[in-house]
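Overview (structure and organization)
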Amino acid sequence: MPTVRATGAVRGGIGLAAERLGHGPAVMVTTASDHVALRTPTRPDHFSGNALHLHEPPTAVQPWLDRHRRTVGAIPGVDRAFVCWEVAGDLAGTDPPAAAPDDLPTDAGVELVSAMVWRPDLAERPTDRVAALAAVDARDPDDLDIRSGADDKVLSGSRALYLQAGWGTDVDYWRWHSAQQLDLVVARRCDIWVAYVMGIPASRVSLMHDRHSLAIVEDVITHPLHRGRGLASALVVHALRQHLADHPDHGIVIRADADGSARHLYERLGFATVATDVSISHPARP
Ligand SMILES: CC(C)(COP(=O)(O)OP(=O)(O)OC[C@H]1O[C@@H](n2cnc3c(N)ncnc32)[C@H](O)[C@@H]1OP(=O)(O)O)[C@@H](O)C(=O)NCCC(=O)NCCS
């Protein structure tokens, strides 16, 4: 069993910090001494946007579920408690690293998400990182029709692809999510790229950053009919190349299900797992 301790540099973990970057301005983020609280009054069903991000692994989970209930969970309509923390290392394939497993309610959902950092970040000079992209094994993006920007074609293509991800088909929710993203685009904190095949949107990716040193690649989606042909790999490489051209020293993070298949794709592109985010979800009003 790996050591359970919080990741050092960013309190609460670099993966959780990056995850917060991906939320639009409708998510209110407040920092307390031992946790960060996220509240999204406009979308009580936005689970990851109505959450507590703990700075350290908890000694007991139940008090935090209660804390969520009394704070974030007080928003009308929030019916799931979401409590997350981050531990150093790769916990894929292991049991949930709860500090006190007996204290986890039996009906709690536990998810492990890998926080992966683009490995050339370890190179000392920023120019080395851009050069490293040339060595990545991915289809040549020049061969693809890739568009970005805030124009309607890109935004509607991106929105349509959310419905193909297997993350739910609530059109209203994805419309709201996409509007949040557009706000970040307008604030110059987000870029969206869509790859088209014969004029039809086939793959999308977005990249958010905090205007300082941290960026996250998010919501990599390829339409099921176009999977396994290198579209997602090419788009991620394209996004990294464009982002690093303007921000060569940004750290780049991607989050993936610890035991999901996308992790292998990201590893092939040069991302390495540095930490694991543990998320506990539970009915907010049992
Ligand atoms: C994960 C996802 C984005 C991958 O999209 P994709 O366009 O199929 O990705 P790629 O084609 O670039 O890579 C997928 C695999 O196909 C392989 N592949 C790439 N080009 C290929 C080609 N020309 N012929 C055959 N296989 C190829 C890749 O080697 C890769 O294998 P690997 O994962 O073992 O490295 C897609 O499956 C998806 O949308 N899933 C649902 C949403 C999701 O879970 N997103 C991830 C969030 S973390």
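Fair warning: this is a prediction, and the values are worked out from it, not measured in the lab.

1. What to know about the site of the ligand
Thr222, Arg227, Gly230, Ala232 and Ser233 are the nearest of the 19 residues found near the ligand. If you list the elements that add at least two residues to the shell around the ligand, you get β9 (214-222), α6 (231-246) and α7 (262-268). In terms of residue count, α7 provides more of the shell around the ligand than any other element does, 4 residues in total.

2. Focus: the environment of Ile252
For Ile252, the location among the structural elements is in strand β10 (residues 251-257). Expressed as a C-alpha distance, the spacing of Ile252 and His209, which sit 43 residues apart in the sequence, is 8.9 Å.

3. Structural notes on the domain arrangement of the protein
Looking at the protein, the domain boundaries give domain 1 (14-115 + 277-283) and domain 2 (118-272). Between the C-alpha centres of domain 1 and domain 2 there is a distance of 25 Å. Tallying the contact residues gives 20 residues for domain 1 and 19 residues for domain 2. Those elements giving two or more residues to the side of domain 1 that touches domain 2 turn out to be α1 (14-21) and β5 (109-118). Among the elements that make up the side of domain 1 that touches domain 2, the one with the highest residue count is α1 (6 residues).

4. Remarks on the sheet that holds strand β1 (residues 28-31)
With mixed pairing, 11 strands are arranged side by side in an open sheet as β1-β2-β3-β4-β11-β5-β10-β9-β8-β7-β6. Edge positions in the open sheet fall to β1 and β6 (145-148), since each of these has one partner strand only. Pairwise comparison of adjacent strand axes, ignoring direction, gives a mean angle of 25° for this sheet. Where strand β2 (residues 35-39) meets strand β3 (residues 51-54), 4 bridges bridge the pair, whose relative direction is antiparallel. When the bridges of β3 are listed, Ala37 appears paired with Leu52.

5. Section: α1
Of all 8 residues in α1, 8 are buried, a share of seventy percent or more. Along α1, the residues that are buried comprise Ile14, Gly15, Leu16, Ala17, Ala18, Glu19, Arg20 and Leu21.

6. What about the pairing of strand β8 (residues 200-209)?
Of all 10 residues in β8, 9 are buried, a share of seventy percent or more. With 8 bridges joining them, strand β7 (residues 190-197) and β8 adopt antiparallel strand pairing. In the sheet register, Ala195 faces β8, and the bridge partner there is Ser203. In this antiparallel pair of consecutive strands, β7 and β8, the connection spans 2 residues, and Met198 shows a positive phi of 50°. Bridge analysis of β8 against β9 gives 6 bridges, and the strand direction is antiparallel. The residue of β9 that forms the bridge with Leu207 is Val217. Hairpin connection from β8 to β9: 4 residues lie between these consecutive antiparallel strands, with Arg211 at a positive phi of about 70°.

Rules used in this analysis
- Residues numbered from 1 in each chain as written.
- Predicted model: local features only at pLDDT ≥ 70, side-chain atom pairs only at ≥ 80, totals over all residues.
- Near = placed C-beta within 6 Å.
- Helix = DSSP H or I, 4+ residues; strand = E, 2+ residues; numbered from the N terminus.
- Domains from an automatic or database assignment.
- Contact = placed C-beta atoms within 7 Å.
- Pairing = 2+ DSSP bridges.
- Axes fitted to C-alpha atoms, helices over the stretch in contact; angles between N-to-C directions.
- Buried ≥ 20, exposed ≤ 12 C-beta atoms within 10 Å, placed from the backbone.

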